[in-house]
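If you want the building blocks of each chain, they are given just below.
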Amino acid sequence: MGRFVVRRLAQMAFVMWAVSVLTFLIFNVIPNGDPAERMAGKQPREAQIEAIRREWGFDDNIFVQYFTTMKKVFTGDLVSYFTQLPVGEEIVKGLPRTLSLAIGAALLWMFVAICFGLYSAVRAGKFADRFLTIIALVGISLPVFWIGALMNHYLGFKLGWFPNGGYVEFTEDPIDWAYHLILPWTALSILFVGFYSRVLRSNVLDTINEDYVRTARAKGLGERQIMIRHVLRNSMIPIVTLWGLDFGAVVGGGAILTETVFDLQGVGQYAAEAVGQLDVPPVLATTMFAAFFIVLLNAIVDIAYAYLDPRIRLQ
Amino acid sequence: MSTDPAATSAPPSGEPLLTVEDLQVTFATEEGVVQAVEGVSFEVAPGEILAVVGESGSGKSVTAMTLMGLTRSPNAGFEGTAHYKGTELVHASEEQLRRVRGAEIAMIFQDPMTSLNPVHKIGSQIVEQIQEHEGLPDQQARERAVELLDKVGIPRARERIDNYPFEFSGGMRQRVMIALALSCNPSVLIADEPTTALDVTIQAQILQRMRELRDETGAAIILVTHDLGVVADIADRIAVMYSGRIVEEGTLDQIFYDPQHPYTWGLLGSIARVDRPRPERLPAIAGLPPSLADRPQGCHFRPRCPHEFAKCTEVPPLEARVEGQPGHCDRCWLSAEEKKERREVRPGEIGLEAKSGAGAA
């Protein structure tokens, strides 16, 4: 276990470093990317631009620039080029919103996908299975910006059943918090439910034919116990991997569309706005932040794996 | 393999425990309806070991699994009856079957490597069954599981009970399967090729263990196998299956020393023996078993049988045809005298030599 943690920490450091270098380089070669010109405002004088360059260090060697920027990442002094707001604070502000969205949606999509997938497998080939298959494929095919916008427009704006976007702190009012998040959770889950329930269905159908399921039946166990203890438990192993990685991606700001459609002001939306303005410091920080979560969740998935399947050992 | 005098003694008398009558099992497949089991009937008495022998596809495993309701599926059709202590198993409800499975009739499967759930400890897989049928508290069920593991010869059972199946060898896993099957003291134990996946030394130990358990508990054992060595070692009575039917049935001695059906002759003729000169090639029955979807009319063995004659296009009933042997039945139209004349009780040459090689019609 100790070696496992050390290896994963090293891996995490390497991935974050690599991501930072790539992000930094990409924004250096993007056309129109010179931040000084953009910061100087409309029709600036050459002297103004020069002054900004000197002040922000844009005229330094690229290695020096990278180094000073990275130093700021670790001291927490990173500041947006355009809003002048500290990047760290902005991410911390967005994090509870993104986490609220990610945790709620991940639980929702996993729960619904297990129900759909299991039911579909038990009813394989029958009407219910075909119906759920179509629903799943429709869900996979619906882009979140479209279904989210429709939900927002009809359920939120027209019917007034749900708030029209926005976010309420959990600590302020937990019920209102959940009420504001129902639509985003649903919109984000639709895609994952479709995908996960399809994967689970085929896993369950494979597992049902295993010899040990026949043994379980020969033992005289009830159908429910066979399905949950013997079939589902073994079918969940691949799903848990997907779940961990998708969750990591959403926490790391991957739910850009959902956050933007429902104006949640989370990390993803912050990153998206920063990219739109070619604002390097927030982009760099959010990318590293995302990489951090993806690697972290990867490690957690591996630990969960060892727990779910005793044949797997961490090393 | 030597025959154990204890095993060859006359079958214990008494009322049959399990009576199967005219069992028919069909499966709807893409190539049409396949009849896997065609009118199989047999009885097992308490303490008796019945061996069901036949090659792959003869319907022996399907017969065994059908008794447990394990072949049920939307594509399967069943007819006939199997009576066990007042329960008719073939058409019983799932709920009725669930009470019989594991508790009254238990089963050991062919492949111990895949028959245990890899993600649960072996102890909990045994405890699960005990609690399902007897509702014992955790500690008591666990104690019983330790005793069972100890009884089937798992060393340090108290520690090993918390191991996972992958931490056991194949032979040890089969012992775990036996412990599992015995955990609720079943009256009938169905063993579907229990030693096929094991090496020969382990096989002998497992068989020995099964015989001891029969002696201790008085359970009836139905042993499904294609291995005549195993049969000679342990069985009281033998039913030989071919292509979905029982073609011959009798005691161990009757089948081994006075076989009536040409298929049985062929089976016995293809045993490799260490106590006889080795033939150049291991003799085999010429031809292949018929496809289940397209079987010959009349006797199913007809196309491969060198002794075929006109009458063979009618289905021979399974009946006693040898004088003085009422329990020895077979499905062959030849008269007892003709059979005696045509079969040669020499291994490698039994009966099938008459057409010498031309048997593969």
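Everything discussed here concerns the structure shown above.
Model, not experiment: these values are computed from the prediction.

Chemist: Could you clarify how one ought to interpret the overall build of chain A in this entry?
Modeler: Within chain A one finds 13 helices and zero strands. In sequence order, the secondary structure elements of chain A are arranged as α-α-α-α-α-α-α-α-α-α-α-α-α. When its C-alpha atoms are laid out on the principal axes, chain A stretches across 85 × 55 × 35 Å. Burial status across chain A gives 34% buried among its 315 residues.

Chemist: What is the right way to look at unusual backbone geometry in this model?
Modeler: For residues other than glycine, phi is negative in most cases, and the peptide bonds are mostly trans. Residue and element names in this part refer to chain A. If you check the backbone angles, Gln 265 has positive phi at about 60° while not being a glycine. The residue Gln 265 is located in the loop between helix 11 (256–261) and helix 12 (267–276) in this model. Exposure remark for Gln 265: the 19 C-beta atoms within 10 Å place this residue in the partly exposed category.

Chemist: Can you help me understand the pairing of strand 3 (residues 49–53) of chain B in this one?
Modeler: The two faces of a sheet get side chains in turn, since along a regular strand they alternate between them. Residue and element names in this part refer to chain B. Summarising burial for strand 3: five of the five residues are buried, a large majority. Neither face of strand 3 is left uncovered, since the one carrying Ile 49, Ala 51 and Val 53 and the one carrying Leu 50 and Val 52 both have all their residues buried. The sheet contact formed by strand 3 and strand 8 (residues 220–225) spans five bridges and is parallel. Within strand 8, the residue paired with Ile 49 across the bridge is Ile 221.

Chemist: I would appreciate a short explanation of the sheet that holds strand 7 (residues 188–192) of chain B in the present structure.
Modeler: The strands that make up a sheet pair up through hydrogen bonds in the backbone, lying either parallel or antiparallel. All names here are of chain B. Spatially, 6-7-8-3-9-10-12-11 is the arrangement adopted by the eight strands of the open sheet, whose pairing is mixed. Looking at the sheet topology across the chains shown, the edges are occupied by strand 6 (105–108) and strand 11 (319–320). The sheet contact formed by strand 11 and strand 12 (residues 329–330) spans two bridges and is antiparallel. Looking at strand 12, one finds that Glu 319 is bridged to Asp 330. Sitting on the sheet, helix 11 (residues 262–269) is in contact with strand 9 (237–242) and strand 10 (245–251), with an inclination near 105° to strand 9.

Definitions and limits used
Residues numbered from 1 in each chain as written. Chains lettered and ligands numbered in written order. Predicted model: local features only at pLDDT ≥ 70, side-chain atom pairs only at ≥ 80, totals over all residues. Helix = DSSP H or I, 4+ residues; strand = E, 2+ residues; numbered from the N terminus. Buried ≥ 20, exposed ≤ 12 C-beta atoms within 10 Å, placed from the backbone. Pairing = 2+ DSSP bridges. Contact = placed C-beta atoms within 7 Å. Axes fitted to C-alpha atoms, helices over the stretch in contact; angles between N-to-C directions.

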